[in-house]
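# Coordinate inspection notes
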Amino acid sequence: MTPERQRELLRRLFDPAAERPGPLGARSVRNPASAYSCPERFSRERERLFRRLPSLVGLSAECARPGDHLTANLGGVPIAVVRQPDESLRGFVNACRHRGAALVLGCGRAQRAIACPYHGWTYALDGSLRARPSAEAGFDDVPKESLSLHPVAVAEAHGLIFARARGGEPFSVDDALHGAQEELAAYGLESYVPIETRTQELPINWKLVVDTFTEPYHIPWLHKASIAPHYFFDRWIFDAYGPHGRFIGVRRSVERELEKPDENERVLLPHGTTQYLLLPNAILVHQIDHVELWRLTPLAVDRTRVSTSIFAPRPPESERERAYWIKNLDALLGVTANEDFPLMARIQENLSSGAVPEVVYGKMEPALVHFHAAVDAELAR
Ligand code: FES
Ligand SMILES: [Fe+2]
């Protein structure tokens, strides 16, 4: 985010004429509980959102050198993204053409080729089948040329890697970001480095994971013993970018900026939690001095795999520096694991019970309203 944009947002945050709490959205809405509990709707969401829309699968730094790979599950479709010798990226369905074994796991470093762990079939980094060791005669009526890995569309820009499981035609990151690219490009994410990723499975619908991050209204209640003293909960910034949104909650430390007589010296980012809610699968967060990435994989209507990664703006120069970033990740996952997600699990139980017909998103929860409207619009498309 550029310094000019930060100053513009600071002016909005402290506009004396603005309504508080606020700014409010146009209207409150009711959403049927079935949006979180209906298995048939869940199947449509996986197909329409998670397979057909581009998903943010990672930062470029996670797959930086030729032969590096990263993997994702896009609405049930297992994919692998592989850095090519010419530095471009290719995506494949992560399944061997022999009998379907997963070829690579997680994030991996600098392989010269992709070897299947089951019977050793070997693929070039471009996905073409190179060798069936000790077994060519056993498959001499199935030409190798017909057994390249199935391609998946991938795009990379601004340090972000997107992939799409269905629909072969190419797409661009800028198209996928619907205008958010201007701000995101200014972070220089290309130079960030991955520190650590932790993965958990939560007994909640994937949308409840997103809901967790969309308003500061809950902070004085749910987080009164932890982070509440540090945050404003009567003001926020929300802007929509097509189906995506950028929501900023601010720490009280931001008041220090207003004391700087020269407006050009004021900054917002170190005092904010700036969250890019990127439909369908990711929440990219700038927090104080680093970046966090939440990647969601819906497994069932009431089960979601969530991975949380922390990225530093430069490689840690000492163990102490590394420990500082890890401490940030511990704190983030501590608050969400102790306070947010157990409550979300009980909400899921309630919404699945059949006894709760609907939930209400208020005018003072504009990011929540926008997110659910965007999901509904994709389903209706
Ligand atoms: S499944 Fe990959 S070599 Fe057999
Ligand atoms: Fe929270």
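Our structure's up above, just so we're on the same page.
Bear in mind the structure is a predicted one, so any value in this text is a computation, not a measurement.

## Side note on the overall build of the chain
Helix and strand counts for the chain stand at 10 helices and 18 strands. Rg of the C-alpha trace for the chain: 22 Å, near the compact-globule value of 21 Å for 381 residues, within the 12% margin. Across its three principal directions, the C-alpha atoms of the chain cover 80 × 55 × 35 Å. Pairs at least 24 apart in sequence give 62% of the contacts found in the chain among residues at least 6 apart. On the chain, the mean spot of the 45 positive side-chain charges and the mean spot of the 49 negative ones are 3 Å from each other.

## Comments concerning the packing of aromatic side chains
Enumeration over the complete set of coordinates arrives at 8 aromatic pairs. With a centroid separation of 5.9 Å and an interplanar angle of 85°, the aromatic rings of Tyr 187 and Tyr 276 are classed as edge-to-face. One end of the pair, Tyr 187, is in the loop between α5 (181-185) and β11 (193-202); the other, Tyr 276, is in strand β14 (residues 272-278), with 89 residues separating them in the sequence. For the pair Tyr 187 and Tyr 276, one class covers both residues: buried. Summarising the aromatic geometry, the rings of Trp 294 and Phe 341 are spaced 6.1 Å apart at their centres and angled 75° between planes, so their arrangement reads as edge-to-face. Of this pair, Trp 294 sits in strand β16 (residues 290-300) while Phe 341 sits in helix α9 (residues 319-352), and the two are 47 residues apart along the sequence. Classification of Trp 294 as buried rests on a relative accessible area of 1%. The ring centre of Phe 232 lies 4.9 Å from the NZ or CZ of Arg 235, which sits over that ring.

## A short note on empty space enclosed by the protein
The gaps left among the atoms become clear once a water-sized probe is rolled over them. Inspection of every chain in the model, using the stated rule, returns 3 cavities of 30 Å³ or more. What the largest cavity holds in volume is close to 80 Å³. Forming the walls of the largest cavity are 15 residues, and the residues nearest its centre are Val 210, Leu 277, Leu 278, Leu 279 and Phe 371. Going through the elements one at a time, α6 (206-211), β13 (244-250), β14, β15 (282-287) and α10 (366-380) are the ones with two or more residues in the lining of the largest cavity.

## Things to note about the layout of surface pockets
By volume, the largest pocket amounts to about 710 Å³. Taken together, the elements giving at least two residues each to the lining of the largest pocket come down to β13, β14, β15, β16 and α9. If one sorts the elements of the lining of the largest pocket by residue count, α9 sits on top with 8 residues. Taken together, the residues of the lining of the largest pocket break down into 13 nonpolar, 13 polar and 5 charged.

## Notes on the nonpolar core
In this structure, Leu 49, Ile 204, Trp 206, Val 209, Trp 294 and Phe 341 are the most contacted members of the largest nonpolar core, which totals 48 residues. The element contributing the most residues to this core is α9, with 9 residues. Excluding its chain neighbours within four sequence positions, the residues that come into contact with Ile 204 are Val 209, Val 301, Asp 302, Arg 303, Thr 304, Phe 341, Met 344, Ala 345 and Gln 348. Among the nonpolar cores identified, the runner-up in size contains 35 residues, and Leu 10, Phe 14, Val 173 and Leu 184 belong to it.

## Section: the pattern of salt bridges
Counted according to the given criterion, the structure contains 29 salt bridges. With a closest N to O distance of 2.9 Å, Lys 207 and Glu 45 form a salt bridge. Here the residue Lys 207 occupies a position in helix α6, and Glu 45 occupies one in helix α3 (residues 39-51), the gap between them amounting to 162 residues. Taken individually, Lys 207 and Glu 45 each receive the classification buried, so the pair is uniform in this respect. Salt-bridge contacts for Glu 47 lead to Arg 52; the nearest nitrogen and oxygen are separated by 3.0 Å. Judged by relative accessible area, which is 41%, Arg 52 ranks as partly exposed. Several salt bridges share partner residues, and in doing so they unite Arg 5, Glu 8, Arg 12, Glu 182, Glu 183, Asp 239 and Arg 246 into one network.

## Considerations on the sheet that holds β11
On the basis of which strands lie adjacent, the open sheet formed by 7 strands has the order β11-β17-β16-β15-β14-β13-β12 and antiparallel pairing. A strand with exactly one partner marks an edge of an open sheet, and here the two such strands are β11 and β12 (237-241). Going from strand to strand, the sheet's axes swing by 15° on average, the running direction of each strand aside. In the sheet, β11 pairs with strand β17 (residues 303-312) via 9 bridges, with the strands oriented antiparallel. Considered in β17, the bridge of Glu 196 is made with Ile 310. Of the strands in this sheet, β11, β15, β16 and β17 are in contact with α9, which crosses β11 at around 20°. Here α10 sits on the sheet in contact with β12, β13 and β14, set at roughly 15° to β12.

## Quick look at the environment of Arg 51
Its location among the elements puts Arg 51 in helix α3. The spatial distance from the C-alpha of Arg 51 to the C-alpha of Ala 163 is 9.5 Å, given a sequence separation of 112 residues. Among residues more than four places away in sequence, those in contact with Arg 51 are Arg 46, Leu 74, Gly 75, Gly 76, Val 77, Arg 164, Ala 165 and Arg 166.

## Details of helix α1 (residues 3-13)
Every buried residue of α1 is listed here: Arg 5, Gln 6, Arg 7, Leu 9, Leu 10 and Leu 13. The secondary structure elements touched by the buried residues of α1 are α5, β12 and β13.

## So, the sheet that holds strand β6 (residues 114-115)
Here we have 3 strands laid out as an open sheet, ordered β6-β7-β8, and antiparallel in their pairing. This sheet does not close on itself; its edge strands, each paired only once, are β6 and β8 (129-131). Pairing of β6 with strand β7 (residues 122-123), which is carried by 2 bridges, proceeds in the antiparallel orientation. Paired with Ile 114 across the two strands is Tyr 123, which belongs to β7.

Calculation notes
Residues numbered from 1 in each chain as written. Chains lettered and ligands numbered in written order. Predicted model: local features only at pLDDT ≥ 70, side-chain atom pairs only at ≥ 80, totals over all residues. Heavy atoms only, no water. Helix = DSSP H or I, 4+ residues; strand = E, 2+ residues; numbered from the N terminus. Rg over C-alpha atoms; globule rule 2.2 N^0.38 Å. Contact = heavy atoms within 4.5 Å. Lys, Arg positive; Asp, Glu negative; His and termini not counted. Charge placed at Lys NZ, Arg CZ, Asp CG, Glu CD. Phe/Tyr/Trp six-rings, centres within 6.5 Å; stacked < 30°, edge-to-face > 60°. Buried < 20%, exposed > 50% of the residue type's maximum accessible area, 1.4 Å probe, protein only. Lys NZ or Arg CZ within 6 Å of the ring centre and 35° of its normal. 1 Å grid on protein atoms, 1.4 Å probe; cavity = no way out; pocket = protein on both sides within 12 Å on 5 of 7 lines; lining within 4 Å. Points joined across faces, edges and corners; volume = space filled by probe spheres on them. Nonpolar A, V, L, I, M, F, W, Y, C, P; charged D, E, K, R; others polar. Core = buried A, V, L, I, M, F, W, Y, C linked by side-chain atoms within 4.5 Å. Salt bridge = Lys/Arg side-chain N within 4 Å of Asp/Glu carboxyl O. Pairing = 2+ DSSP bridges. Axes fitted to C-alpha atoms, helices over the stretch in contact; angles between N-to-C directions.

Structural measurements only, silent on function.
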